[in-house]
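# Close look at the chain arrangement
Chain by chain, the residues run as shown.
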2 protein chains.
Amino acid sequence: MRFSGLFTKTLREIPAEETAKNAQLLLRGGFVFKNSAGVYSFLPLGWRVMSKVIKIIREEMNAIGGQEMFMPALVEKKYLEATNRWNLDVGFDVVTKKNPDADSTGSRQAGFALGWTHEEVLTAIASKYVSSYKDLPFAAYQLQTKFRNEARAKSGLLRGREFMMKDLYSFHADEKDLFDYYEKVKEAYMKIFERCHLRAIYTVAGGGAFTISNTHEFQILSDVGEDTILICSQCEYAENSEITKLKEKDECPKCGGGMFEAKAIEAGNIFPLGTKYSEAMDLKFVDEKGEKKYVVMGSYGIGVSRLMAVIAEIHNDEKGIIWPENVAPFNAHLITLFGKDNDFQEDVKKKAEKLYEDLNKNGIEVLFDDRKDKSPGEKLADADLIGCPYRLIVSPNTISAALCEVKKRANKKPEKLSDFQNVEQLIKYMK
Amino acid sequence: MRFSGLFTKTLREIPAEETAKNAQLLLRGGFVFKNSAGVYSFLPLGWRVMSKVIKIIREEMNAIGGQEMFMPALVEKKYLEATNRWNLDVGFDVVTKKNPDADSTGSRQAGFALGWTHEEVLTAIASKYVSSYKDLPFAAYQLQTKFRNEARAKSGLLRGREFMMKDLYSFHADEKDLFDYYEKVKEAYMKIFERCHLRAIYTVAGGGAFTISNTHEFQILSDVGEDTILICSQCEYAENSEITKLKEKDECPKCGGGMFEAKAIEAGNIFPLGTKYSEAMDLKFVDEKGEKKYVVMGSYGIGVSRLMAVIAEIHNDEKGIIWPENVAPFNAHLITLFGKDNDFQEDVKKKAEKLYEDLNKNGIEVLFDDRKDKSPGEKLADADLIGCPYRLIVSPNTISAALCEVKKRANKKPEKLSDFQNVEQLIKYMK
């Protein structure tokens, strides 16, 4: 894509009210636009990153047999009342502007909450289709906008009032089958974080009224994290400080290593729900012996827009974001620098156009900064800010070389010009 | 995918309250689940269809330079107040469950509407990035859940309270450029409908306070349509009955042919907005002469879930849906029929498994009904109801043949068994 074709630009000023680094970087780079506190638009560059994160998640969910579906954001009162969650102060309610369905009190109540999670909705759907052990197990997931009423939405995109989430739910005949699947999801989650170039710590967290044992979180170590975890320096066994009795320097209960305390961002969580929801909503099946039993459930979440923000929060330097290759908006950022010597302008342009064409043909996604009214300094700063993994420069200085200057965003210095004699060598280097 | 792996089933009974054919067919086939009046979940089969419709739309929007992005569903009051649309009785408002931001009246007002359209939001975003004629033109679109408070949501998925929409917005320096792009969008829309196997009639419709001339609709002829259009039998020039002075048998104002009246479903619409929104929200640019001018805009919508419903509404017979190949959940529906003779069970199974594997290897999407506890009648009825374009049967009757029985869903009779000597021939036939 040509830079001139993007309707967004990079911004020089840092918005005063945005104190979170992820939001600052994403706003400056033209990835997102802040519409309201905790409410963001994903601009073309940001949507490209989000789409790549979504693709990774989708592949890993499909690999463990997850069936993709799409449930409504409008969650009717009947669903949340069944589990006593209608009055929870978590989300938003939806009301009509005028009121065609006015009740006797004249309220504008439309009888919907904006879904912040979908256990009830999917349990109700499952009731229509599950009757026998033969219908189990199954798992279904969706990628969907979720809503939570964060009173003070800060931390940028780490904690939004509206955000993109992947939620997976699994349905089983017994607890053993649930926990077998739970392990599979754990492994799939670890793969997702790894593919996003994040080291996630599998952390024991609190259980509650709606789970049959402890839940587990996937924590990314970061100073801006809202969570504190105790983690073993040897085997990485970890517990959330909210539930642990462990302290700094205690012995690891698993391997005897030393525990240390760290701030972390929760990027995912998994819940062994057991029969809490199926009991509340009467989801039963007939087992092999003809006995009626409640379905055993699990639920598993990843904050997708949060994950994008975590990546920006972790992978950056003073100049901007350093996107991992799997989720970068483009593989390469191609720049033409013209300098002051007009004689070479046509040569630079031709050479860059040819390179752009050759890379596109070979399936390399390129952001081509062909702007003529920007200084070399501005173009180089934009490339660093946007943070594509490879920066390619065609300039009067590279005219005599076979190809272009090649620099990894993560490196300080460019590679040798002579290392790239043709496009094939460049592509090989980038892959 | 194996049928046994789908968590949904086909349903025999038609839900009493669903009078619309599209909803009946989609519910019976296990494509959707009705959560509330006008609110549906898209089950795995339905989500596959939706994803294919989305893919087609995305390709055609990208082809005319549309930049994909994603705006929030929570649209703050400030946006809609700027254009006097905050008090329009179209959508839903969002309120907090309790009220951390309570104003002096103690209201629960959160100050958000649920977006039913995004002209204001994108105009505000554009204000951040557009200052010169060099920043124009551009076009951006999104695929997003939209909300409208339909007092009596009927017509199944044709008119939902929550629905999937593609909305494109374009920004131009002058009206000529807008109308040039308007024509491009028209052509892209016609391609989208054609690829969905729908014949759309480009129809002149009403203008209004927010457009500079007539708008245009893409109408699909159907007895269940809520619109009435006057259409020329010769050149297909059409006007919506709401604005036209034409009557049945009048002469076509374009070609002199005869006009006739028909019911139709609006599947898309395009609006030449002009400067109405840019004036209301002060979106200006400096032109080549240094003069400040308002940006000229257009907006363009397609109801994506509605489009899926229109396809079901139009392409069906008494047995179920007949999906066009481009949007079918699977290319082929492979069935094993075992009959009463147990001797052939293993042969049938082996042959079908081999065929399933070969087709998958060749990129053919197959729904494989390998269920053993279902009668041949049930399996054949399910295949007709779900409506994949090709039905493949392996049974004791086809054991001596090279491959399997092949029947197009749209045809009454199967092809000759001897026509398919190997998988390559079958694939060639299906492509």
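Taking an unreviewed UniProt entry as the reference, chain A is identified by name as Proline--tRNA ligase. Of chain A, the UniProt comment under Catalytic activity (unreviewed entry) reads exactly: "tRNA(Pro) + L-proline + ATP = L-prolyl-tRNA(Pro) + AMP + diphosphate".

It is worth spelling out the overall build of chain A at this point. Secondary structure summary: chain A contains 10 helices and 22 strands in total. Structurally, chain A occupies a C-alpha span of about 85 × 65 × 45 Å along its principal axes. The proportion of buried residues among the 431 residues of chain A is 58%. Split by element, the accessible area of chain A, about 18000 Å² in all, is 47% carbon and sulfur. For chain A, the centre of its 62 positive side-chain charges and the centre of its 64 negative side-chain charges are spaced 3 Å apart.

With that out of the way, let us pick up helix H7 (residues 304–314) of chain B. Summarising burial for H7 of chain B: 10 of the 11 residues are buried, a large majority. Residues of H7 of chain B that are buried: Val304, Ser305, Arg306, Leu307, Met308, Ala309, Val310, Ile311, Ala312 and Glu313 of chain B.

Residue and element names in this part refer to chain B. Mapped onto the fold, Ser299 is located in strand E16 (residues 296–303). According to the relative accessible area criterion, Ser299 is buried, its value standing at 3%. Sequence-distant contacts of Ser299, defined by excluding residues within four places in its chain, comprise Glu119, Leu168, Tyr169, Asn269, Ile270, Phe271 and Leu273.

In this section: the side chain of Lys52 of chain A. All names here are of chain A. Relative to the helices and strands, Lys52 is located in helix H2 (residues 44–63). Among the residues examined, Lys52 registers a relative accessible area of 17% and is labelled buried. Excluding anything up to four places from it in sequence, Lys52 contacts Asn326, Val327, Ala328, Pro329 and Glu365.

Residue and element names in this part refer to chain A. The linkage connecting Leu136 with the following residue, Pro137, adopts the cis geometry, with an omega of -10 degrees. Positionally, Pro137 belongs in the loop between helix H4 (119–129) and strand E7 (138–147). Residues other than glycine seldom take positive phi values, yet Asn84 does so here, at roughly 60 degrees. As for its position among the elements, Asn84 is in the loop between helix H3 (77–82) and strand E5 (92–96). The class of Asn84 is exposed, set by a relative accessible area of 69%.

So, about the sheet that holds strand E22 (residues 405–408) of chain A. Residue and element names in this part refer to chain A. Overall, mixed pairing links the 4 strands, which are arranged E20-E19-E21-E22 in an open sheet. Only two strands of the sheet have a single neighbouring strand rather than two, namely strand E20 (366–369) and E22. In this sheet, neighbouring strand axes are inclined to one another by 20 degrees on average, regardless of whether the strands run parallel or antiparallel. Relative to strand E21 (residues 390–394), strand E19 (residues 332–336) runs parallel, the two sharing 5 bridges. Within E21, the position partnered with His333 by the bridge is Arg391. The strands that helix H8 (residues 345–361) touches are E19, E20 and E21; relative to E20, the one it contacts most, it runs at about 165 degrees.

Residues and elements named next belong to chain B. Taken as a whole, helix H9 (residues 376–386) has its buried residues at Lys379, Asp382, Ala383, Asp384, Leu385 and Ile386. Looking at the buried side of H9, the elements it contacts are helix H1 (21–28), helix H2 (44–63), strand E18 (320–321), strand E19 (332–336), strand E20 (366–369) and strand E21 (390–394). A positive phi of about 80 degrees marks Gly387, the residue just after H9.

Here the focus is the pattern of salt bridges. By the definition in use, this model includes 64 salt bridges over all chains. Linking Arg195 of chain B and Glu59 of chain B is a salt bridge whose minimum nitrogen-to-oxygen distance equals 2.6 Å. Taken as a pair, Arg195 of chain B in helix H5 (residues 175–195) and Glu59 of chain B in helix H2 lie far apart in primary sequence, 136 residues in all. On the basis of relative accessible area, Arg195 of chain B is assigned to the partly exposed category, the value being 28%. The partly exposed category is assigned to Glu59 of chain B, whose relative accessible area is 31%. Across the salt bridge formed by Asp250 of chain B and Lys247 of chain B, the nearest N and O atoms sit 3.8 Å from each other. Several salt bridges share partner residues, and in doing so they unite Arg12, Asp369, Arg371 and Asp382 of chain A into one network.

Moving on, we come to the confidence of the model for chain A. Residue and element names in this part refer to chain A. When pLDDT is averaged along chain A, the result is 93; 97% of the residues meet or exceed 70. Every residue in residues 100–106 is under pLDDT 50, and counting partners more than four places away or in other chains gives 5 contacts. We note a pTM of 0.96 for the whole complex and an ipTM of 0.96 for its interfaces.

Turning one copy of the chain about an axis and sliding it along that axis gives the other copy, so a rotation and a shift relate them. You can overlay chain B on chain A at an RMSD of 0.0 Å; the transform is a turn of 180 degrees with a shift of 0.0 Å along its axis. The superposition of one copy onto the other is thereby described by a two-fold rotation axis. The rotation axis passes nearest to the C-alpha of Val94 of chain B in chain B, at a distance of 2.4 Å. The fraction of interface residues of chain B whose copies in chain A are also interface residues reaches 100%, indicating that both copies meet through the same surface.

Time to look at the environment of Asp370 of chain B. Tracing the backbone shows Asp370 of chain B in the loop between E20 and H9. Each C-alpha atom, one on Asp370 of chain B and one on Gly91 of chain B, is 46 Å from the other, the two residues being 279 residues apart in sequence.

Attention now goes to the environment of Cys235 of chain A. Residues and elements named next belong to chain A. Residue position: Cys235 is located in the loop between strand E11 (227–232) and strand E12 (238–240). Along the primary structure Cys235 and Met259 are separated by 24 residues, whereas in three dimensions their C-alpha atoms are 9.7 Å apart. Those residues in contact with Cys235 that lie beyond four places of it in its chain are Cys252, Lys254 and Cys255.

This part covers the pairing of E19 of chain A. Put simply, side chains in a regular strand alternate between the two faces of the sheet. All names here are of chain A. Of all 5 residues in E19, 5 are buried; the element is thus mostly enclosed. Here E19 shows a buried face lined by Ala332, Leu334 and Thr336 and a second buried face lined by His333 and Ile335. Taken together, the 4 bridges between E19 and E20 define a ladder with parallel strand orientation. Looking at E20, one finds that Ile335 is bridged to Asp369.

It is worth spelling out the interface of chain B and chain A at this point. With 68 residues of chain B in contact, the opposing surface of chain A contributes 68 residues. Here chain B and chain A share an interface that buries about 5800 Å² over both sides, 59% of which is from carbon and sulfur atoms. Taken together, the links from chain B to chain A amount to 4 salt bridges. Its salt-bridge partner being Lys134 of chain A, residue Asp373 of chain B comes within 3.9 Å of it at the nearest N-O pair.

In this section: the packing of H2 of chain A against helix H5 (residues 175–195) of chain A. Residues and elements named next belong to chain A. In contact at an axis separation of 10 Å, H2 and H5 are set at 155 degrees when each is read in the N-to-C sense. It follows that H2 is roughly antiparallel to H5 by the angle criterion. Between H2 and H5 lies a crossing of right-handed hand. Here Ile56, Ile57, Glu59, Glu60 and Met61 of H2 come into contact with H5, specifically with Ala188, Tyr189, Lys191, Ile192 and Arg195. In the contact of H2 with H5, the residues fall into 6 nonpolar, no polar and 4 charged.

With that settled, consider the sheet that holds E20 of chain B. Residue and element names in this part refer to chain B. Pairing is mixed in the open sheet, where 4 strands are placed in the order E20-E19-E21-E22. In this open sheet, the two strands that pair with only one neighbour each are E20 and strand E22 (405–408). Direction aside, the axes of adjacent strands within the sheet are offset by 20 degrees on average. Here 4 bridges tie E21 to E22, and the two strands are oriented antiparallel to one another. Counterpart to Arg391 in the pairing with E22 is Lys407. With respect to the sheet, helix H8 (residues 345–361) is in contact with E19, E20 and E21, its orientation differing from that of E20 by roughly 165 degrees.

Calculation notes
- Residues numbered from 1 in each chain as written.
- Chains lettered and ligands numbered in written order.
- Predicted model: local features only at pLDDT ≥ 70, side-chain atom pairs only at ≥ 80, totals over all residues.
- Heavy atoms only, no water.
- UniProt positions renumbered as here; feature names shortened; annotations may be inferred.
- Helix = DSSP H or I, 4+ residues; strand = E, 2+ residues; numbered from the N terminus.
- Buried < 20%, exposed > 50% of the residue type's maximum accessible area, 1.4 Å probe, protein only.
- Areas by Shrake-Rupley, 256 points an atom, 1.4 Å probe, with all protein chains shown as cover.
- Lys, Arg positive; Asp, Glu negative; His and termini not counted.
- Charge placed at Lys NZ, Arg CZ, Asp CG, Glu CD.
- Contact = heavy atoms within 4.5 Å.
- Pairing = 2+ DSSP bridges.
- Axes fitted to C-alpha atoms, helices over the stretch in contact; angles between N-to-C directions.
- Salt bridge = Lys/Arg side-chain N within 4 Å of Asp/Glu carboxyl O.
- pLDDT = per-residue confidence, 0-100.
- Least-squares fit on C-alpha atoms with pLDDT ≥ 70 in both.
- Buried area = accessible area lost by both parts, 1.4 Å probe.
- Parallel < 35°, antiparallel > 145°, perpendicular 65-115°, else oblique.
- Left-handed = near helix turned anticlockwise from the far one by under 90°.
- Nonpolar A, V, L, I, M, F, W, Y, C, P; charged D, E, K, R; others polar.

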